[in-house]
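# Survey of secondary and tertiary structure
Next come the chains, spelled out residue by residue.
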Amino acid sequence: MATLFNYLNVPLLAETDILVIGAGSAGCVAALAAASGKPAYSVMLVERYGFPGGSSTQMLDTFYGFFTPGETPRKIVGGWPDRIVDELDRAGAIFLRPNTYGAGTGVNYNPERLKLVWDQLIQQQGIRYLLHTTLIDVAADGERHACIFWNKGGFQKILARRVIDASGDADFCHLAGLAYEIAGEHEPAQSLTTTFRMSNVELDEYERAGGKKMLARTMQEAVSSGRHPLPRKEGSAHEMNAQKCISTVAVKVAGLSALNADELTKAEIEGRRQAFVYEDFFRDEVPGFAQANIIGLSHQIGVRETRRVYGEHRLTKAECMAGLLPDNRIFLCGAPIEDHRHDQHGTEETYWEYIPGAGVYGVPYGTIVPKNSQTVWVVGRCFSATHDAHASCRSMAQTMSMGQAAGLASVQSLQHDQPASQITISSLQEELLRLGAILDLPDRVADTSRNGWKNNHQSRLASPSIS
Ligand SMILES: Cc1cc2nc3c(=O)[nH]c(=O)nc-3n(C[C@H](O)[C@H](O)[C@H](O)COP(=O)(O)OP(=O)(O)OC[C@H]3O[C@@H](n4cnc5c(N)ncnc54)[C@H](O)[C@@H]3O)c2cc1C
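About the thresholds
Residues numbered from 1 in each chain as written. Predicted model: local features only at pLDDT ≥ 70, side-chain atom pairs only at ≥ 80, totals over all residues. Heavy atoms only, no water. Core = buried A, V, L, I, M, F, W, Y, C linked by side-chain atoms within 4.5 Å. Buried < 20%, exposed > 50% of the residue type's maximum accessible area, 1.4 Å probe, protein only. Helix = DSSP H or I, 4+ residues; strand = E, 2+ residues; numbered from the N terminus. Contact = heavy atoms within 4.5 Å. pLDDT = per-residue confidence, 0-100. Pairing = 2+ DSSP bridges. Near = heavy atom within 4 Å. Polar contact = N/O pair within 3.5 Å; in protein donor to acceptor, adjacent residues only side chain to side chain. Areas by Shrake-Rupley, 256 points an atom, 1.4 Å probe, with all protein chains shown as cover. Nonpolar A, V, L, I, M, F, W, Y, C, P; charged D, E, K, R; others polar. Phe/Tyr/Trp six-rings, centres within 6.5 Å; stacked < 30°, edge-to-face > 60°. Lys NZ or Arg CZ within 6 Å of the ring centre and 35° of its normal.

Under an unreviewed UniProt entry, the protein chain has the name FAD dependent oxidoreductase and belongs to Spirosoma fluviale.

### Details of the nonpolar core
Membership of the largest hydrophobic core comes to 76 residues, with the highest contact counts inside it found for F63, F66, I84, Y365 and I368. Element by element, the count of residues in this core is highest for helix α11 (residues 396-415), at 10 residues. Once you skip the residues sitting within four places of it in the chain, F66 turns out to touch R74, K75, I76, V77, P81, D82, V85, V107, A397, M400 and W453. Core analysis: the next-biggest nonpolar cluster, separate from the first, contains 29 residues, L192, L203, A275 and Y278 among them.

### Some details on the environment of I301
Inspection of the secondary structure assignment puts I301 in the loop between β14 (293-297) and β15 (307-309). In this structure the C-alpha to C-alpha distance between I301 and T195, which are 106 residues apart in sequence, comes to 7.3 Å. Not counting the four nearest positions on each side in its chain, I301 is found in contact with M59, L192, T193, T194, V253, L264, A267, E268 and G271.

### A word on the confidence of the model for the protein chain
Summarising the model, the protein chain shows a mean pLDDT of 93, and 94% of its residues fall at 70 or more. The low-confidence segment residues 459-467, where pLDDT is below 50, has 41 contacts with residues more than four positions distant or belonging to other chains.

### A few points about the pairing of strand β12 (residues 236-239)
Looking at chain direction, β12 and strand β13 (residues 246-249) are connected through four bridges and run antiparallel. Within β13, the residue paired with S236 across the bridge is V249. Counting the residues between successive antiparallel strands, the hairpin from β12 to β13 contains six residues, one of them, K244, with a positive phi of roughly 60°.

### Side note on the site of the ligand
The environment of the ligand is made up of 31 residues, and the closest members are E47, S55, T62, R394 and M396. Between an oxygen atom of the ligand and a main-chain N or O atom of A26, the distance comes to 3.1 Å. In the environment of the ligand, an oxygen atom lies 2.9 Å from a nitrogen or oxygen atom belonging to the backbone of Y64. Coverage of the ligand by the protein chains reaches 95% of its 1,000 Å² of free accessible surface. Those elements that provide at least two residues to the shell around the ligand are α1 (25-36), β3 (62-63), β7 (134-141) and α11. A class-by-class count of the residues in the shell around the ligand yields 10 nonpolar, 15 polar and six charged.

### A short note on the side chain of H340
With respect to the secondary-structure elements, H340 resides in the loop between β17 (337-339) and β18 (351-353). Residue H340 is classed as buried on the basis of its relative accessible area of 5%. Beyond its immediate sequence surroundings of up to four residues, H340 is in contact with Q190, S191, R232, R304, T350 and R394.

### Remarks on the packing of aromatic side chains
If you walk through the whole model with that rule in mind, you get nine aromatic pairs. One aromatic cluster is present, formed by F63, F66, Y109 and W453 through successive ring pairs. Its guanidinium or amino end placed over the ring of F51, K115 lies 4.5 Å from that ring's centre, counting from NZ or CZ. Taking NZ or CZ as reference, R307 lies 5.4 Å from the ring centre of Y180, over its face.

### Topic: the sheet that holds β3
Consider a sheet: its strands pair through backbone hydrogen bonds, and that pairing is either parallel or antiparallel. Strand order across the open sheet formed by three strands is β3-β5-β4, with antiparallel pairing between neighbours. On the outer flanks of this sheet lie β3 and β4 (94-97), each paired with one strand and no other. Direction of pairing for β3 relative to strand β5 (residues 106-109): antiparallel, over a ladder of two bridges. Across the sheet, T62 pairs through a bridge with N108, a residue of β5.

Structure representation (structure tokens):
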């Protein structure tokens, strides 16, 4: 483990049993699960931005992956991820997005409310929580990790017995010299997307004019006529948890790396440019949008994949498509491969491939344990998977599930003084089930009507959403 710093001279900020780096969907749940484990260990959660949630609050408003897609959806994720939705539900801040094409029924939420929910749960669980603080280097301090952070107070060090890397880009693993693949190394990386939100949309008018089907047709026509140079002809626009507002996943910026600051700068500029190309298109061509305008761009451009760590197990497309339920599974996934890459499969548009059979597979524990590390876990979009498998297993119900498993595993590893790769899987699974996680496909078909979540009392338009 090389370090730029003489870490001994860096002021000590904190010592903790479990350190979670990055407060995205995976990191927040990892910290919550670790803090709810028994016995109690000290847990610290550090985030580079001034708010929690990562992509869940920076740019998105829909959790996918709770339900399998198709006509007979099953609910396949539970535990802490449910609790997050329950809190949003209690505040009247969710509705279920109908099961159209795509990843199945989505749980649409108010992302600003979600920031509050993460903040409150993190504090309630007694987690030491530090925002505006970025990991920049790593060294070994005996059996502990010396993690060097930078914030406005300067360089500071946190000593941790266990680390969960939830930075999305596997920053800790990179700095610690653990092995990973960089997206784009073997096949084109998934593209980057600036999301944007528009207000003053007449949703009834949009729906009466044909909704989703009409939008797809209008996009095709706008591009082929040369009127609007849209980068994608299949972008989505869906109703938000706010009156007369829609949110989009439409922009497409390909061929630039989110790990290179020059390229990322170009990507941010291009993403914003494209967003306003779409604004013109919507206003000029789409019924219901004549008076609409952009009211918000994502906090940063959306990054689907960068580093994918090599773990004790590497999830492959073959395993996903075979619908394997391995004995050492820690959560389930039913989302299709949804690959937003540029030039593969003979299409410029998104490539979809669904899980056959029961439409679900189990994800092995080894996918969150980096190879050659004994006290580290890696969760979220940088977990151990091939490009194709990752393109299926990256929805937020799954990233939260990874966090849940890693949080509990870190507690178990401390309690029994076991290396990460050798904890007793059956005990971890018992703990997961105790929290409410789901490890077997339920028989019961889930109620995915708009009011299908427990307390959700909102009544919304019939089906203006597309995904
Ligand atoms: C455009 C786009 C649309 C998507 N649409 C959906 C969707 O509709 N529904 C869905 O379920 N999934 C969707 N996904 C996938 C999903 O959003 C991601 O896979 C998931 O959010 C990743 O969560 P994460 O916690 O691993 O990473 P992130 O959400 O990226 O969180 C990582 C966190 O770590 C912090 N961090 C990074 N580096 C450091 C550091 N060095 N020090 C401290 N903190 C650090 C970051 O600021 C961030 O808060 C989409 C993804 C993209 C890009």
